Amino acid sequence: LEMVRSNLFDFAWNIRAAVDANQMTDHGHFCPWLVDALDQVCKGWLDEGNDARPAALRGHRRTDTTIAPITVRGIDWEHLQRLKSLGARAMEPSVLRTEEEVQKVLAYPLLVV
């Protein structure tokens, strides 16, 4: 849960930084995919220049999902393994490796923090 909270905080911080750098419009939330979805709904119907186009979409630049991400979201298992192979003592995020192990722990709610 801490990892999820940290990822969401980092993502919100990145959105705020993009808004502050004038790279994104401030929509008042941290869900840019919702604005992209609205843009898709309006495509061919309320295009740029149409006065009826929602204000949230005026000047909006869609997220280009054809570009491969340059950062890792979540745990970079390859990097952890590489560090360990070089002798580094990288902390493992979890000792649970299989779905079966996770289910065994979840069967005992008092063990889940």
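Residues numbered from 1 in each chain as written. Predicted model: local features only at pLDDT ≥ 70, side-chain atom pairs only at ≥ 80, totals over all residues. Heavy atoms only, no water.

Further remarks concern the overall build of the chain. Scanning the chain for helices and strands turns up four helices and zero strands. Reading the secondary structure of the chain in the N-to-C direction produces α-α-α-α. Of all 113 residues assigned to the chain, the portion counted as buried reaches 12%. Partitioning the intrachain contacts of the chain with sequence separation of at least 6 by distance along the chain shows that 18% fall at a separation of at least 24. (Helix = DSSP H or I, 4+ residues; strand = E, 2+ residues; numbered from the N terminus. Buried < 20%, exposed > 50% of the residue type's maximum accessible area, 1.4 Å probe, protein only. Contact = heavy atoms within 4.5 Å.)

A separate point is the pattern of salt bridges. All chains considered together, the criterion is met by three salt bridges. A salt bridge links arginine 53 to aspartate 39, with the shortest nitrogen-to-oxygen separation between them at 2.8 Å. One end of the pair, arginine 53, is in the loop between helix H2 (32-42) and helix H3 (77-85); the other, aspartate 39, is in helix H2, with 14 residues separating them in the sequence. Here aspartate 39 ties to arginine 62 by a salt bridge, and the two come within 3.8 Å at their closest N and O atoms. Taken as a pair, aspartate 39 in helix H2 and arginine 62 in the loop between H2 and H3 lie far apart in primary sequence, 23 residues in all. Overall, the relative accessible area of 34% leaves arginine 62 in the partly exposed class. (Salt bridge = Lys/Arg side-chain N within 4 Å of Asp/Glu carboxyl O.)

For the rest of this paragraph, the subject is the packing of aromatic side chains. Tallied over the entire structure, the rule returns one aromatic pair. Taken together, a centroid distance of 6.0 Å and an interplanar angle of 35 degrees make the contact between phenylalanine 11 and tryptophan 33 tilted. Linking phenylalanine 11 in helix H1 (residues 2-20) with tryptophan 33 in helix H2, this pair joins segments that are 22 residues apart in sequence. (Phe/Tyr/Trp six-rings, centres within 6.5 Å; stacked < 30°, edge-to-face > 60°.)

Here we come to the side chain of aspartate 39. Judged by its relative accessible area of 13%, aspartate 39 is buried. Not counting chain neighbours up to four residues away, the residues in contact with aspartate 39 comprise Arg53, Leu57, His60 and Arg62.

Let us now look at the side chain of aspartate 36. Note that aspartate 36 resides in helix H2. Setting aside anything within four residues of it in sequence, one finds aspartate 36 in contact with His60, Arg62 and Thr63.

It is worth spelling out a nonpolar patch on the surface at this point. Where nonpolar side chains cluster on the molecular surface, the patch consists of Leu38, Val41 and Trp45 and spans about 330 Å² of accessible area. Take leucine 38: its relative accessible area is 33%, and that puts it in the partly exposed class. (Patch = residues over 30% accessible without salt bridge, like charges linked within 9 Å, V, L, I, M, F, W, Y side chains within 5 Å. Areas by Shrake-Rupley, 256 points an atom, 1.4 Å probe, with all protein chains shown as cover.)

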